[in-house]
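# Chain and residue survey
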Amino acid sequence: MGPIPIPRETRHRPAPQVPLRRDARSISRTSLPGNPLAPSAARRFARAALADWTRLGLLATCTFCQGETCCSPGKHSTDLLADDAVLIVDELVTNAVVHAGTTVELLCRLEVPSADAPEDPAGDGAGDTSEVPAPDERAALVLEVSDHHPARPVQSDPNGAPPSGTGTPEYGRGLQLVSALAERWGITYRSGLKTVWARLPLEGRDAGPGRGAAEPAARRGPSAAGLAAPAARRTVRDDPEWAGGGAHSFLAEASELLAGQLDEDLVAALAGQLLVPRLADWCAVWLDGEDAQAAAAPRLARVWHADESRIEPLRTALEKEPPRLPAPPYATPVPVPWPALETTGTAGPPEEETAEDAAGAAEDAEAAAGGAAEYVAVEGAALACRLVANGRSLGTLMIGRPGHRTVPGEVTSLVEDFARRVALGIGAARRYARQVTISRVLQRGLLPSQVARIPGVTSSLVYEPSDDGLAGGDFYDVFPCPPDDRWCFMLGDVQGSGPEAAVVTGLARPWLRLLAREGYGVGAVLDRLNRLLLDDATEAAESASLMAAVAAGGTGAPSGAPQASPGLPEGRQARFLSLLYGELTPRPDGTGVRCTLASAGHPLPLLLRPDGTVRPAAEPQLLLGVVESVAYESSTFDLEPGDTLLCVTDGVTERRSGRRMLDDGDGLARALAGCAGLTAQGVAERIRRAVHEFAETPPGDDLALLVLQAE
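Residues numbered from 1 in each chain as written. Predicted model: local features only at pLDDT ≥ 70, side-chain atom pairs only at ≥ 80, totals over all residues. Heavy atoms only, no water.

## Describing the overall build of the protein chain
Counting its regular elements, the protein chain contains 15 helices and 22 strands. Across the 711 residues in the protein chain, those meeting the buried criterion constitute 47%. As displayed, the protein chain offers around 33,000 Å² of accessible surface, 52% of which is attributable to carbon and sulfur atoms. (Helix = DSSP H or I, 4+ residues; strand = E, 2+ residues; numbered from the N terminus. Buried < 20%, exposed > 50% of the residue type's maximum accessible area, 1.4 Å probe, protein only. Areas by Shrake-Rupley, 256 points an atom, 1.4 Å probe, with all protein chains shown as cover.)

Listed below in structure tokens is the structure:
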């Protein structure tokens, strides 16, 4: 999709607000819930606001509608303005719902140039701004979409720069569409509020050369606005020039959009918005079940219509009678019966479609639908195509074009190519979903379901895997060791990630628990775990050598192959592990606890005293699983009431921002020193936030930290 566009004008103050004719009726606003229904409600609200302003005389139609001569439907300046406004509102509200998840505030305002300071017709300070439009500036429609931005604190830079250091900004296609359609736009940050606004000029929106009508469609190609526009602009789908040239650009851009989705329902939704109205008036997508649900009836995942008021009737009809396609999963579009819609009127039979009357027929049908008081169904041509990827049927795609008996051959071929890309997108989304599910199940099995409560100690744990689709290499545990009054804790990091790291984690944590409960001390536990890792790696190397010999046709180890031997066999697979392991016991005087711990190649734990002093609480030692001839030693100290012990993995200390790391120059110790007086939960949250704010990009490694504070 290319780089995200830079706003043409970004200011840290509200957009210019000059009400049209100083009339309070020129401002319409609403509050929408932060759920998936908000974009649809926003689209209806924007169209209703423009219709009300036109009826009240606040918004005039185009100059060609003056007198007895009127423009054809869909060619008014207000129609084109509504199309662009609805598109911008839809994308910005969708972005606000997805990325903020709060209540969304939508404001539509008409403004004209004025040399005087604006009044505040709404009575709420909306007109109080430091900027007004220049006297020679054109009248415009201003759209504002605001969210309460709870995920990250909104900061204001004194120099007027956008906030930074609160995480990577997340943008969607909405900003590209806004950049393409708006005269200018920007983002306003207030305390607890973020507003994206866009200004659409009222003049110069006729259907003449100014909008590109005189330019050949094949040379224009599909723009980002045209791809996702929900308004019914049917000026290119039957254009031979576009079908021969622009269609290739459409497929290429559609492939990029579909391939970027990791949820099959989002792929289905995007497919409908890409097809309607460019190739059809409506579209429906069914998804087949997987595995145990494969025998179940397909699920109607998405229905999209150029006229949103017809979506629900169409969905009802399609749910009653889904298309029936031939049994073999052939990915070839076939004509299917038109859905039986409940109607309150009648329509004549469809006529044969010709290239000359295709656009006119669509406009006439649209005009009839827009002017009728009751819904009238118009039969037409329907086409269905199986969504097949890797020889498996994943669902069905169905499109409809009312008012015609057949779908042109070039459109049928284009739908077939498009359906193949939709199937690939759905297949990729399902594979990703399966991988995430397996990883989460594996992660739940590798990590404890809950952390034990240690008497006399307050603990807080933060664990954030870097990728939901892979089992992380970090692990932790806090558990009692009866019958002694001991409590053990561990924080480890396996080399690598994914299944290989999960294997080592699945071995190390149970082994540690077993050795600790057998009564071994801290150093002895690490000694035995080190030998177990080396023995396991040797066995894995011997097994791999035997499998290689069998694959080569022999019965034993091939000549010249490395042989297993004590110590470090040349062919063994390295299974390195860094580990911080310790145990806590109550002090005889009943105040605080005694801590004994050892670090094997792990970032050293830090001890924070109540006065703010920080020191390392262990000595560095070699990684586990490297050499056998090593003896691990432990350190013992007292945790007095108010003392805090911070244990982290290298996802914290090696957090990068360019060439710098967070722990350069004892950066972690300085951050911990600023946590004096905080609770264990407060310390954990302060360090977690420092890790995220250290760089603009999200962390690239698993993040795990354990805080223990003596009460």
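Right, picking up where we left off after that structure.
## Digging into unusual backbone geometry
Residues Val 276 and Pro 277 are joined by a peptide bond in cis, for which omega reads 5°. Along the chain, Pro 277 turns up in the loop between helix H7 (264-275) and strand E6 (282-287). Despite not being glycine, Asn 390 has its phi angle at roughly 55°, a positive value. Inspection of the secondary structure puts Asn 390 in the loop between strand E9 (380-389) and strand E10 (392-402). The phi torsion at Asp 666 lies on the positive side, around 55°, for a residue other than glycine. Within the secondary structure layout, Asp 666 lies in the loop between strand E21 (660-661) and helix H14 (667-673). Under the relative-accessibility criterion, Asp 666 is labelled exposed at 53%.

## Section: the nonpolar core
The nonpolar side chains of a soluble globular protein tend to be buried, and buried together. Counting residues in each nonpolar core, the largest one holds 50 residues, and the members touching the most others are Phe 475, Phe 489, Leu 579, Tyr 581, Leu 584, Leu 624 and Leu 645. Once residues lying within four places of it in the same chain are set aside, the contact partners of Phe 475 are Leu 447, Met 490, Leu 491, Gly 492, Asp 493, Val 494, Thr 505, Ala 508, Leu 512, Leu 577 and Leu 579. Core analysis: the second largest hydrophobic core is formed by 41 residues, Leu 81, Val 86, Val 145 and Leu 175 among them. (Core = buried A, V, L, I, M, F, W, Y, C linked by side-chain atoms within 4.5 Å. Contact = heavy atoms within 4.5 Å.)

## Structural notes on the sheet that holds strand E13 (residues 486-494)
Pairing in this open sheet of five strands is antiparallel, and the strands run E12-E13-E14-E15-E18 from one edge to the other. The open sheet terminates on both sides in strands that have one partner only, identified here as strand E12 (474-481) and strand E18 (635-639). Pairwise comparison of adjacent strand axes, ignoring direction, gives a mean angle of 20° for this sheet. (Pairing = 2+ DSSP bridges. Axes fitted to C-alpha atoms, helices over the stretch in contact; angles between N-to-C directions.)

## Description of the pattern of salt bridges
Should the charged atoms of two oppositely charged side chains come close, the side chains can pair. This model, assessed by the stated rule, comprises 29 salt bridges. A salt bridge links Arg 199 to Glu 111; the shortest N-O distance between them is 2.6 Å. With Arg 199 in strand E5 (residues 193-201) and Glu 111 in strand E2 (residues 104-111), this residue pair connects regions lying 88 residues apart in the sequence. For Arg 420, the salt bridge is made with Glu 416, and the minimal N-O distance between the two is 3.8 Å. With a gap of four residues between them, Arg 420 and Glu 416 both fall in helix H10 (residues 409-446), about one helical turn apart. Note on Glu 416: relative accessible area 23%, which makes it partly exposed. Connected via shared salt-bridge partners are Glu 264, Asp 265, Glu 290, Arg 299, Arg 430 and Arg 434. (Salt bridge = Lys/Arg side-chain N within 4 Å of Asp/Glu carboxyl O.)

## Notes on the packing of aromatic side chains
For the structure shown, the criterion picks out three aromatic pairs. Over the ring of Phe 637 we find Arg 615, and its NZ or CZ is 5.7 Å from the ring centre. (Phe/Tyr/Trp six-rings, centres within 6.5 Å; stacked < 30°, edge-to-face > 60°. Lys NZ or Arg CZ within 6 Å of the ring centre and 35° of its normal.)

## Description of the packing of H7 against H10
Here H7 crosses H10 at 160°, and the two axes come no closer than 8 Å. On the basis of their axis angle, the class for H7 and H10 is roughly antiparallel. Where H7 crosses over H10, the handedness of that crossing is right-handed. Contacts between H7 and H10 involve Glu 264, Val 267, Ala 271, Leu 274 and Leu 275 from the former and Phe 418, Val 422, Gly 425, Ile 426, Ala 429 and Arg 430 from the latter. The residue inventory of the contact of H7 with H10, partitioned by class, reads eight nonpolar, one polar and two charged. (Parallel < 35°, antiparallel > 145°, perpendicular 65-115°, else oblique. Left-handed = near helix turned anticlockwise from the far one by under 90°. Nonpolar A, V, L, I, M, F, W, Y, C, P; charged D, E, K, R; others polar.)

## Re the side chain of Asp 650
Counting through the fold element by element, Asp 650 comes out in helix H13 (residues 650-653). Among buried Asp, Glu, Lys and Arg side chains, Asp 650 stands out as unpaired, with Arg 656 the closest opposite charge at 10 Å. Residues in contact with Asp 650, not counting those within four places in the same chain, are Asp 493, Pro 603, Arg 655 and Asp 701. (Lys, Arg positive; Asp, Glu negative; His and termini not counted.)

## Here we look at H7
The first and last C-alpha atoms of H7 sit 17 Å apart over twelve residues, in line with the 16 Å expected at 1.5 Å per residue. Counting buried residues in H7 gives ten out of twelve residues, a clear majority hidden from the surface. All of the buried residues along H7 are Glu 264, Val 267, Ala 268, Ala 269, Leu 270, Ala 271, Gly 272, Gln 273, Leu 274 and Leu 275. The distance from a side-chain oxygen at the start of H7 to the backbone nitrogen of Asp 265 is 3.0 Å, and the residue carrying that oxygen is Asp 263. (Expected span 1.5 Å × (residues − 1). Polar contact = N/O pair within 3.5 Å; in protein donor to acceptor, adjacent residues only side chain to side chain.)

## Considerations on the pairing of strand E4 (residues 184-190)
Most of E4 is tucked away, with six of its seven residues classed as buried. As defined by bridge partners, E4 adjoins E5 across seven bridges and the pair is classed as antiparallel. Considered in E5, the bridge of Arg 190 is made with Leu 193. The hairpin formed by E4 and E5 contains two residues between the paired strands, and Gly 192 there has a positive phi angle of roughly 75°.

## Comments concerning the sheet that holds strand E22 (residues 703-710)
Read from one edge to the other, the open sheet built from five strands follows the order E11-E22-E19-E16-E17, with strand pairing classed as antiparallel. At either end of the open sheet lies a strand with only one pairing partner, and these are strand E11 (457-464) and strand E17 (614-616). Across the sheet, the axes of successive neighbouring strands diverge by a mean angle of 20°, strand direction being ignored. By the bridge criterion, three bridges tie strand E16 (residues 606-608) to strand E19 (residues 644-648) in an arrangement that is antiparallel.

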